[in-house]
Amino acid sequence: MSIFKLYSITAFILLSFSSNNPPAKGVENSSEKKLVLGEQPIFKMDEASWAKTESSTFEYSYSIEKPTDKQTTRFRMLWDETSLYLFYHFEDKFLTARETKRDGAPYLDDCAEIFIIPVPDSLDTHFGFEINMYKATNDILYFNNYYKGKNVGLKTFNPTIRSEVSINGTINDNSDIDQGWTMEIEIPIAVFGFLSDFEPVQKGNQWAFLAVRQDRNELESNRRVTSTLFPIYDIEKDVHQPQRFGLMEFVD
């Protein structure tokens, strides 16, 4: 099993970089096999700077309809005793964003997302963070099968997180070809409250998570291509499928 380690750091370093990796592989429907958490690769981050951390591409893409839908996403993570740090690098020929309000629908735009369960298990509740290029954030507590099979998201969960965006192109102008954008996110450990105490952020411990990209290339449409770090079930359901989350592991 490949393991992606989450490296510890002493200071948060903001960097931008480009990628020459091949485009992500299109996957329309994943296997319906029920995985036990841990059968997916483990995302480990164990170096002291972005330049030395393990990097991964989002190899699983859904709802591919056009050749331009296949665009590369690179992802890195770091941690220290106070925060988790995420870095997304998106190849993107058509930068698209509309949402400007908190708790709106940034997931209908070009959007960086991460879902986290602060224990190594496929629980029915996870923390969600979805942010577009305007830094409009939808942060939720998500409950799978909350009542009578219905999933719900609690949007009154409004923690303090930090994000920074770097854009190489023009937003909402498809008359030109853009290069892409980056998103850096800092999520304080305090956001998870006492729930992080069950599996504290320390060397050797693991949390479940899924990193996601929403990519909308058409100004007048909500059609999106969804890409993920780990494969999920049929995208017609949604991306909130904790049985398909992978694991992050905290290492030095």
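*Asks:* I keep staring at the pattern of salt bridges and nothing clicks. Help me out?
*Replies:* If charged atoms from side chains of opposite charge come close, those side chains can pair. Inspection of the entire model under this criterion finds 12 salt bridges. For Asp-109, the salt bridge goes to Arg-216, with nearest N and O atoms at 3.2 Å. Within this pair, whereas Asp-109 is found in the loop between strand E6 (83-91) and strand E7 (111-117), its partner Arg-216 is found in the loop between strand E13 (206-215) and strand E14 (225-228), the two being separated by 107 residues in sequence. Neither residue differs from the other here; Asp-109 and Arg-216 are each classed as buried. Ionic contacts of the salt-bridge type, sharing partners, join the residues Glu-65, Lys-66, Asp-69, Glu-218 and Arg-223 into one network.

*Asks:* I tried to follow empty space enclosed by the protein on my own but got confused; where do I start?
*Replies:* Leftover empty space is mapped by rolling, across the atoms, a probe with the size of a water molecule. Within the structure shown, the criterion is met by 1 cavity of 30 Å³ or more. Size it by volume and the largest cavity reaches roughly 30 Å³. Every residue along the wall of the largest cavity is listed here: Ser-61, Asp-69, Gln-71, Arg-213, Asp-215, Val-225 and Ser-227. Looking at the lining of the largest cavity, the elements that each hand over two or more residues are E13 and E14. Of the residues in the lining of the largest cavity, the class split is 1 nonpolar, 3 polar and 3 charged.

*Asks:* Any chance you could explain the pairing of E14 here in plain terms?
*Replies:* Each regular strand carries side chains that alternate between the two faces of the sheet. By the alternation rule, side chains of E14 split into Val-225 and Ser-227 and Thr-226 and Thr-228, which are all buried. Two elements, strand E4 (residues 60-62) and E14, share 3 bridges in a ladder whose sense is antiparallel. Among the inter-strand pairings, Tyr-60 is bridged to a residue of E14, identified as Thr-228. When E13 meets E14, the two strands line up antiparallel, connected through 4 bridges. Following the sheet pairing, Asp-215 is matched in E14 by Val-225.

*Asks:* Teacher, can you tell me more about the layout of surface pockets here?
*Replies:* Considered as a void within the structure, the largest pocket measures approximately 330 Å³ in volume. Forming the boundary of the largest pocket are 17 residues, of which Tyr-107, Gln-214, Arg-224, Asp-238 and Val-239 lie nearest the centre. A total of 3 residues in the lining of the largest pocket trace back to one element, the largest contributor, which is strand E9 (residues 137-147).

*Asks:* For this particular structure, what's the right way to read the nonpolar core?
*Replies:* As a rule of thumb, nonpolar side chains are buried together in soluble globular proteins. Counting 49 residues, the largest nonpolar core has Phe-75, Tyr-88, Ile-114, Ile-187 and Phe-209 as its most contacted members. Sorting the residues of this core by element identifies strand E5 (73-79), E6, E7, strand E8 (125-132), strand E12 (180-188), E13 and strand E15 (246-251) as the ones contributing at least two each. When residues of this core are assigned to their parent elements, the largest contribution, 6 residues, is made by E13. Non-local contacts of Ile-114, meaning those with residues more than four positions away in its chain, are made with Phe-75, Met-77, Leu-86, Tyr-88, Phe-127, Gly-128, Phe-129, Ile-187, Phe-209, Leu-210 and Ala-211.

*Asks:* Honestly, the confidence of the model for the chain in this entry has me stumped. Any pointers?
*Replies:* Low pLDDT means the predicted coordinates in that region are not meant to be read closely. Averaged over all residues, the pLDDT of the chain equals 85, while 81% of them reach at least 70. Within the model, pLDDT remains below 50 along residues 11-32, and this stretch shows 62 contacts once partners closer than five positions in the same chain are excluded.

*Asks:* Help me understand the pairing of E5, please; the structure alone is not making it clear to me.
*Replies:* Counting buried positions along E5 gives 7 out of 7 residues, so the element sits mostly inside the fold. Of the two faces of E5, the one carrying Thr-73, Phe-75, Met-77 and Trp-79 and the one carrying Arg-74, Arg-76 and Leu-78 are both buried. Direction of pairing for strand E3 (residues 56-57) relative to E5: antiparallel, over a ladder of 2 bridges. Paired with Ser-56 across the strands is Phe-75, a residue of E5. Here 7 bridges tie E5 to E6, and the two strands are oriented antiparallel to one another. Pairing of Arg-74 across the sheet is with His-89, part of E6. Hairpin geometry of E5 and E6 is characterised by an intervening segment of 3 residues between the two adjacent antiparallel strands.

Cut-off values and rules
- Residues numbered from 1 in each chain as written.
- Predicted model: local features only at pLDDT ≥ 70, side-chain atom pairs only at ≥ 80, totals over all residues.
- Heavy atoms only, no water.
- Salt bridge = Lys/Arg side-chain N within 4 Å of Asp/Glu carboxyl O.
- Helix = DSSP H or I, 4+ residues; strand = E, 2+ residues; numbered from the N terminus.
- Buried < 20%, exposed > 50% of the residue type's maximum accessible area, 1.4 Å probe, protein only.
- 1 Å grid on protein atoms, 1.4 Å probe; cavity = no way out; pocket = protein on both sides within 12 Å on 5 of 7 lines; lining within 4 Å.
- Points joined across faces, edges and corners; volume = space filled by probe spheres on them.
- Nonpolar A, V, L, I, M, F, W, Y, C, P; charged D, E, K, R; others polar.
- Pairing = 2+ DSSP bridges.
- Core = buried A, V, L, I, M, F, W, Y, C linked by side-chain atoms within 4.5 Å.
- Contact = heavy atoms within 4.5 Å.
- pLDDT = per-residue confidence, 0-100.

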